[in-house]
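# Report on the structure
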Amino acid sequence: RIYLDHAAATPVRPEVLRFGMRFLDGFAGNPSTIYREGLEAQAAVARAREQVAALVGASDPGAIVFTSGATESNNIAIRGTALRNKRSGKGVVASAVEHISVLNPAKDLQKSGFAFTQIPVDRYGTIDLDALGTAVTPETVVTSVQYANDEIGTVQPIREVAEIVHDRGGVLHVDATDAAGRMPIDVERDGVDLLTLSGNPLGGPQGTGALYVRPGVRVQPVLVGGGQERGLRPGTEDVFGIACMGEAARLAAAEMPGENERLRAIRDALIAGISEVEDAFLTGHPTERLPHHASFRFSRIEGESIQLAMNAFGIAIATGSACTSRTLEASHVLLAIGLAHAEAHGSMVATLGRSNSMEEVPRIVEAARETVKRLRAITPL
Ligand code: PMP
């Protein structure tokens, strides 16, 4: 079996699970209590906060708020910032290729009188910086541009985006779900005010995440309850999940240079091999892309069938985003890079991880070639 869908789900690292198990197996300790068990839980959360802060270059670990994942972090960042600052203006800006957990909260704010502007991207998925400069005004309370895209792998010029947003007095949110652990992120160098992180892509459990909130940025909670996580994410902490995410962040930071180089080589071999298949095209940016990401589209065949055929060859691979697979609509990302509806349906996305090796590449390329040949033979298109 070859597993190529790490963006949808990454295997939990055994050493991470082993580390976290002490906070799950028979453990009782609420970080809000001050007897021994509570202090132990508190220490575990504090350690994880430092590790996650270190992964993204945040000098103040107190700026990290633990959440249940990227969707929740994005919601707090968009809704929480917009609603808290609505007296300064009612504009929200985001790139057209953001994940739906950014686009949907932004669209929902329109019901509360906010104006939402989407910024177009070019055919590689790179944001139009001139359009961004025009769209962000003193009325804009939050601007959201992802670090890198999960469907096409394109990495955005975040430092330039930050300069444009800050020149206009704005607040920049960056969804780094797919980039964290794969790119050297530094919220201070990059000028990021709010940063979304997910624990699973780092090798932690599903349902873990964090939001970096630069000190001084005003955000109101989406959930209200107790004062945990500075009141931004009330409710008893998921000590196990948080501890695991911290350990996963520590390992990802330590291994990033070597592991990225290894994955980049496999990715490049995969791109070279699959590009040879008839009528196959790389999607996303040819060079400014995630080191573990290879995405393609094939004319005249359909993604769902590609996925099933590849599965029969023993390969787990995606067609676009798992998050939108239930809607059967063409991907908003592929439409945003200028593909026609019919073209946007034939996509295949490989996201690599620790288990993948160069030895797998010929088998993947051969399976893709065979898949495309068989599907084209029976296609009505
Ligand atoms: N943002 C991006 C860029 C993503 O790729 C994803 C999903 N992988 C999410 C947000 C949502 O993550 P989750 O489903 O874990 O909340």
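Residues numbered from 1 in each chain as written. Predicted model: local features only at pLDDT ≥ 70, side-chain atom pairs only at ≥ 80, totals over all residues. Heavy atoms only, no water.

## Considerations on the site of the ligand
Let me state the cut-off plainly: Nearness is defined per residue: one heavy atom within 4 Å of the molecule or strand is enough. Polar contacts, as counted here, are pairs of nitrogen or oxygen atoms within 3.5 Å of one another; within protein the pair requires one atom able to donate a hydrogen and one able to accept it, and residues that are adjacent in sequence qualify only if both atoms are side-chain atoms. For the area figures, the Shrake-Rupley method with a 1.4 Å probe applies, and any residue is considered shielded solely by the protein chains shown.
Surrounding the ligand, one finds eleven residues, the nearest of these being A70, T71, D150, D175 and D178. Within the backbone of A70, one N or O atom sits 3.5 Å away from an oxygen atom of the ligand. The separation between a nitrogen atom of the ligand and a polar side-chain atom of D175 is 2.6 Å. Here the ligand has 400 Å² of accessible area as a free molecule, and 79% of this is covered by the chains.

## A look at a nonpolar patch on the surface
Note the threshold: The patch calculation keeps residues exceeding 30% relative accessible area without a salt bridge and links them within 9 Å when they carry like charges or within 5 Å when they are nonpolar (Val, Leu, Ile, Met, Phe, Trp, Tyr). Counted as salt bridges are all cases of a side-chain nitrogen of Lys or Arg within 4 Å of a carboxyl oxygen of Asp or Glu. Strands are runs of DSSP state E lasting at least 2 residues, helices are runs of H or I lasting at least 4, and numbering of each runs from the N terminus.
Together, V12, L17, M21 and L24 line one region of the surface with nonpolar side chains, adding up to about 300 Å² of accessible area. Within the secondary structure layout, V12 lies in the loop between β1 (2-3) and α1 (14-21).

## Comments concerning the nonpolar core
Our working definition: Nonpolar cores were defined as sets of buried Ala, Val, Leu, Ile, Met, Phe, Trp, Tyr and Cys residues, with membership established by side-chain atoms within 4.5 Å. Classification of residues uses two cut-offs on accessible area relative to the type maximum, computed with a 1.4 Å probe and protein chains only: under 20% is buried, over 50% is exposed, and between them is partly exposed. Contacts were defined at the residue level, with two residues in contact if any of their heavy atoms lie within 4.5 Å.
V56, F66, L132, Y147, I185, L195 and L197 are the most contacted members of the largest nonpolar core, which totals 55 residues. When residues of this core are traced back to their parent elements, those giving at least two are α1, α2 (36-55), β2 (64-67), α6 (158-167), β6 (172-175), β7 (194-198), β8 (209-213) and α8 (239-275). A per-element tally of this core places α8 first, with eleven residues. Apart from residues lying up to four places away in sequence, L195 is in contact with V56, H173, V174, A176, I185, V187, A210, L211 and Y212. The next biggest cluster of nonpolar side chains, apart from the first, holds 27 residues, and it includes F298, I301, M310 and A367.

## Points about the pattern of salt bridges
Tallied over the entire structure, the rule returns 18 salt bridges. For R159, the salt bridge identified is with D190, shortest N-O distance 3.7 Å. Here R159, found in helix α6, pairs with D190, found in helix α7 (residues 187-190); they are 31 residues apart in sequence, far enough to count as distant. Owing to a relative accessible area of 3%, D190 belongs among the buried residues under this scheme. Beyond isolated ion pairs, a larger network of salt bridges with shared partners links R13, E15, E255 and R354.

## Remarks on the packing of aromatic side chains
Inclusion rule: For this analysis, a ring pair means two rings from Phe, Tyr or Trp (six-membered ring only for Trp) whose centres lie within 6.5 Å, classed as stacked if their planes differ by under 30 degrees, edge-to-face if by over 60, and tilted for the remaining angles. Criterion for a charge above a ring: Lys NZ or Arg CZ within 6 Å of the ring centre, and within 35 degrees of the ring normal.
Counting across every chain of the model gives two aromatic pairs. A centroid spacing of 5.4 Å and a plane angle of 85 degrees characterise the contact between F23 and F27, whose relative ring orientation is edge-to-face. Classification of F23 as buried rests on a relative accessible area of 12%. Put simply, the rings of F19, F23 and F27 pair up and form one aromatic cluster. Here K90 stacks its cationic end above the ring of F114, 5.1 Å away from the centre of that ring.

## Quick word on the sheet that holds strand β9 (residues 280-282)
The line we're drawing: Strand pairing is defined by DSSP finding a minimum of two bridges between the two strands. Angular values range over 0 to 180 degrees, each being the angle between N-to-C directions of two axes fitted as lines to C-alpha atoms, with helices fitted over their stretch in contact.
The strand order β9-β10-β12 describes an open sheet built from three strands, whose pairing is antiparallel. What marks the edges here is a single partner per strand, and that holds for β9 and β12 (347-351). Strand-to-strand twist in this sheet, taken as the mean axis angle between neighbours without regard to direction, amounts to 25 degrees. As defined by bridge partners, β9 adjoins strand β10 (residues 293-298) across three bridges and the pair is classed as antiparallel. Pairing of A280 across the sheet is with F298, part of β10. Across the sheet, α8 is in contact with β9, β10 and β12; its angle to β10 comes to roughly 10 degrees.

## A look at the domain arrangement of the chain
Worth spelling out the cut-off: Either an automatic procedure or a domain database provided the assignment from which the domain bounds are taken. Note on terms: buried area is the combined drop in 1.4 Å-probe accessible area of two parts once they are placed together, counting the loss on both. Side-chain classes are defined by residue name, with Ala, Val, Leu, Ile, Met, Phe, Trp, Tyr, Cys and Pro counting as nonpolar, Asp, Glu, Lys and Arg as charged, and the others, Gly among them, as polar.
Looking at the assigned domains, one finds that the chain contains domain 1 (2-8 + 256-378) and domain 2 (14-251). Each of domain 1 and domain 2 has a C-alpha centre, and the two are 27 Å apart. Opposite the 28 residues of domain 1 that make contact, domain 2 presents 28 residues. Where domain 1 abuts domain 2, roughly 2300 Å² becomes buried across the two surfaces, and 60% of that area is made up of carbon and sulfur atoms. Where domain 1 meets domain 2, there are zero salt bridges. Scanning the region where domain 1 abuts domain 2 turns up ten residue pairs in polar contact (both at pLDDT 80 or more). If you list the elements that add at least two residues to the side of domain 1 that touches domain 2, you get α8, β10 and α10 (332-336). Looking at side-chain class alone, the side of domain 1 that touches domain 2 contains 13 nonpolar, twelve polar and three charged residues.

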